[in-house]
Amino acid sequence: MAVLKVKFTKTKRDKLAQILWILNWISVVSGIILFSLGLFLKIEIKKRNEVMAKGDVNSVPNMLISVGVIACIINFLGGKICYDCSDANKFSRWKLVMLPYIVCTFCFTFCILVGALMCYTMRNELEESLYLGLRDAIKFYKDTDIPGRCFLKKTVDLLQIGFQCCGNNGFRDWFEIQWVSARYLNMASKEVLDRLKSNVDGKFLVDGVPFSCCNPSSPRPCIQYQLTNNSAHYNYDFLTEELNIWVKGCREALLDYYTAIMRSIGIAALLIWLFELSVLIGVRYLQTAMRNVLLLGDLEGESDGWLLENSFVETAKYNINIIKSLGKANQISTVSGMNDPNIDVQNTNCGKSNVTTKSIPAAR
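Criteria and thresholds
- Here the residue numbers are simple positions, counted from 1 along each chain's written sequence.
- Local features in this predicted model are restricted to residues of pLDDT 70 or higher, and side-chain atom pairs are both shown and tallied only at a pLDDT of 80 or more, whereas totals for entire chains, interfaces and linings draw on every residue.
- Calculated side-chain values reflect all of the structure's heavy atoms, with hydrogen atoms and water omitted.
- The disulfide definition used here is simple: a pair of cysteine sulfur atoms within 2.5 Å.
- Starting at the N terminus, helices and strands are each numbered in turn, a helix being any DSSP run of H or I of at least four residues and a strand any DSSP run of E of at least two.
- The buried label applies to any residue whose accessible area, calculated with a 1.4 Å probe on protein chains only, is under 20% of its type's maximum; exposed applies above 50%, and partly exposed to all values in between.

For the coordinates displayed, the defined rule picks out three disulfides. Disulfide pairing places Cys-165 opposite Cys-250 at an S-S distance of 2.1 Å. Across the S-S bond linking Cys-165 and Cys-250, the dihedral sits near 85°, which makes this disulfide right-handed. On the criterion of sequence distance, the pair formed by Cys-165 in the loop between α5 (152–162) and α6 (190–198) and Cys-250 in helix α7 (residues 250–296) is long-range, its members being 85 residues apart. Accessibility classification places Cys-165 together with Cys-250 in one group, the buried group. Paired by a disulfide, Cys-214 and Cys-222 hold their sulfur atoms 1.8 Å apart. Sign of the S-S torsion, about -75° for the bond between Cys-214 and Cys-222, identifies this disulfide as left-handed.

Relative to the elements of secondary structure, Glu-302 occurs in the loop between α7 and β2 (303–305). On the basis of relative accessible area, Glu-302 is assigned to the partly exposed category, the value being 45%. Here the alpha-carbon distance between Glu-302 and Asn-292, two residues ten residues apart in the chain, equals 9.0 Å.

Below, the structure is given as structure tokens:
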């Protein structure tokens, strides 16, 4: 029994073909939107790839870009097919193409759904990439005179100012690394030498942060150094007073930024998927209705259209049997009584034969 069978007159078939022609052109625009969203996300990731470790963070934008390009091609072809389907004579040219086209479009719409879901599952990969990338960027913050790293100080400073953040997980990350270059340390100072000697690795560690961590909205001047020393500043308590530096870590700030972008892109991709799915359903109805018109032979009469010719269970069994038959196509049959045809072939007897032959009478 057919699933969701609908009866179509010639007028309804023509209207459906015209509507689908318009919707396919709208789908071309949706494909351009998907491509643009993927390109936008790729550019946003590219802007800050200096503070990201190499990983699979580009899988989502690449997926959206690919799906967007395919959407433009498939829907452009779909518009041409639906336009010709208003005429039964022109439909005969596409009769053999329609079903493969519907299958390919179904796979394509599934890819859109996958791309939309990937926007919501990318957070873990992005968080790990940001953690490792920011860790290395902060570690090499002081290396302003080393080729390949000299840009990291500017990158980190602009990042902390732009996203109002400090450090990787927080401002205390700067306490654990030497972020002041040795060229700017006064080695004749007893305080500097004592700090270098007090550290096992010989690093100059201070409870201070770079200037880019300062909050310009704070009413008091920025306190960059001796953040945990209450006696070093007048009327100051680092445990109770709100610090005048950014408290949020840059990993969290960037993660919130990209999560908001991907959430918006995911919603847009889901809406496009629903739209593409509705167009696909319409094309399926048009294909079955036009096919049944040709089978009936009455181009002006009514015809039935459906999503599936049989029930879901029967369709699933049929497709499973096709897949199984494809898997066995290259296997040698082992059915009883069917052996290799070359095994039982009798050899030609080249010796003497016991069959008596008649002598040919001699001509007189």
